[in-house]
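Understanding the architecture of this molecule
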Amino acid sequence: RSCGSCNSEKSLTQPEEESFVTALVALSQKDAQDAVLRTAACRESQALMKTCGNQCYSSGDQASCSAKCLKGKGVQSSCASCLGRKIQCTVKNCLNFCAADANSPTCSSCVSRSCGSCNSEKSLTQPEEESFVTALVALSQKDAQDAVLRTAACRESQALMKTCGNQCYSSGDQASCSAKCLKGKGVQSSCASCLGRKIQCTVKNCLNFCAADANSPTCSSCVSRSCGSCN
C-alpha cells in the first residue's frame, strides 16, 4: 500500500526467502535497545569503582579523574561521569561514617543520602562484590597513618647519625649537609633536618665534654642540655 512493488508482473519472492523487511526490523529494534542502554543503564560496578577510586584518590579532581578512568574501561560517558561524582562525594562526605565498617547501615545511609545512585532503575551491585567504599576507607586510613608518621615519628638512629656526621664533619654547613645525607638514606624530611641540626650542635657545643668518653654522663648531659632531642 505504502511502498508498492518493483515486480512488473507478480512477486517472484521465493517462499524460502526471508523478507528484507525482517532484517530492517531487527536493526531497528537493536537501535532502540542500544539507545535505552546509552541513556538509561548505568551499573554501579563496585570492582571498577574500587579500581578507579584507588587510582584517583590523590587526584585534585577525583570526579573527573575517576570518570576518565571508568570511560577507559568501557563505561558509557554519562554513567562514568555520574560514578566519578559519586566517588568524589563519598570521599568528601562519608569516610568518617564508613571508617569503622564500610558495609554498615550508617555508611550505606550516608553514601545513599549524600551521593545518590547512578543506577537508573535498581542496584545491580552483586552481593559478593566488595563495596568500593571499603577501598576508599582503607586509603583514607593509610593517609592518616602516614600523616602521623610524618609529623611525629623521628627516631635518632645512632648508626645513620654517625655515618652522616662523619661525612659532613668538614662541611661549612654541617646541619644542611647532614640533613641531606639522612634524607638520602630514607629519613623523613623534618626528622632529617632536626637530626642535622643536632649533629651540628653537638660538634659546636659538646665535643670538649665528649672527647674522653662519648658515652659518659658528662657527654650525654651536654648533648641533651644544649641540643635537645628529635624523638
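Everything here concerns the structure above.
Residues numbered from 1 in each chain as written. Predicted model: local features only at pLDDT ≥ 70, side-chain atom pairs only at ≥ 80, totals over all residues. Heavy atoms only, no water.

Examining the state of the cysteines
- By the definition in use, this model includes 14 disulfides.
- Bridging Cys94 to Cys110, the disulfide has an S-S length of 2.1 Å. Measuring the twist about the S-S bond at about -85°, one finds the Cys94-Cys110 disulfide to be left-handed. Here Cys94 is found in the loop between helix H4 (77-93) and helix H5 (95-98), whereas its partner Cys110 is found in helix H6 (residues 105-115), with 16 residues between them in sequence.
- Note on Cys94: relative accessible area 0%, which makes it buried.
- The buried category is assigned to Cys110, whose relative accessible area is 1%.
- Residue pairing for Cys154: its cysteine sulfur links by disulfide to Cys191, the two sulfurs lying 1.9 Å apart. One quick way to see it: the torsion about the S-S bond of Cys154 and Cys191 is about 80°, and its sign makes the bridge right-handed. Within this pair, whereas Cys154 is found in the loop between helix H7 (132-151) and helix H8 (158-167), its partner Cys191 is found in helix H10 (residues 189-205), the two being separated by 37 residues in sequence.
- What makes Cys154 buried here is its relative accessible area of 11%. (Disulfide = S-S within 2.5 Å. Helix = DSSP H or I, 4+ residues; strand = E, 2+ residues; numbered from the N terminus. Buried < 20%, exposed > 50% of the residue type's maximum accessible area, 1.4 Å probe, protein only.)

Section: the layout of surface pockets
- Approximately 710 Å³ is the volume found for the largest pocket.
- Around the largest pocket, the lining is made up of 20 residues, and of these Gln158, Met161, Thr202, Ala214 and Val223 lie nearest the centre.
- Going through the elements one at a time, H8, H10, helix H11 (207-210) and helix H12 (217-227) are the ones with two or more residues in the lining of the largest pocket.
- Counting residues per element, the lining of the largest pocket draws most heavily on H8, which supplies five residues. (1 Å grid on protein atoms, 1.4 Å probe; cavity = no way out; pocket = protein on both sides within 12 Å on 5 of 7 lines; lining within 4 Å. Points joined across faces, edges and corners; volume = space filled by probe spheres on them.)

Describing the environment of Leu136
- By the element assignment, Leu136 lies in helix H7.
- In this structure, the C-alpha to C-alpha distance between Leu136 and Leu95, residues 41 residues apart in sequence, is 7.6 Å.
- Each residue touching Leu136, except ones within four places of it in the same chain, is listed here: Gly53, Tyr57, Ile87, Thr90, Val91 and Leu95. (Contact = heavy atoms within 4.5 Å.)

Observations concerning helix H3 (residues 62-72)
- Looking at H3, one finds that the buried residues are Gln62, Ala63, Ser66, Ala67, Cys69 and Leu70. Along the axis of H3, the buried residues cluster in a sector spanning 165°; they form a single face. Away from its buried face, by an angle of more than 90 degrees, H3 presents the exposed residues Lys68 and Gly72.
- Tucked inside the fold, the buried residues of H3 contact helix H2 (46-56) and H4.
- Once H3 ends, the next one or two residues include Gly74, with phi positive near 95°. (Arc of directions from axis to C-beta.)

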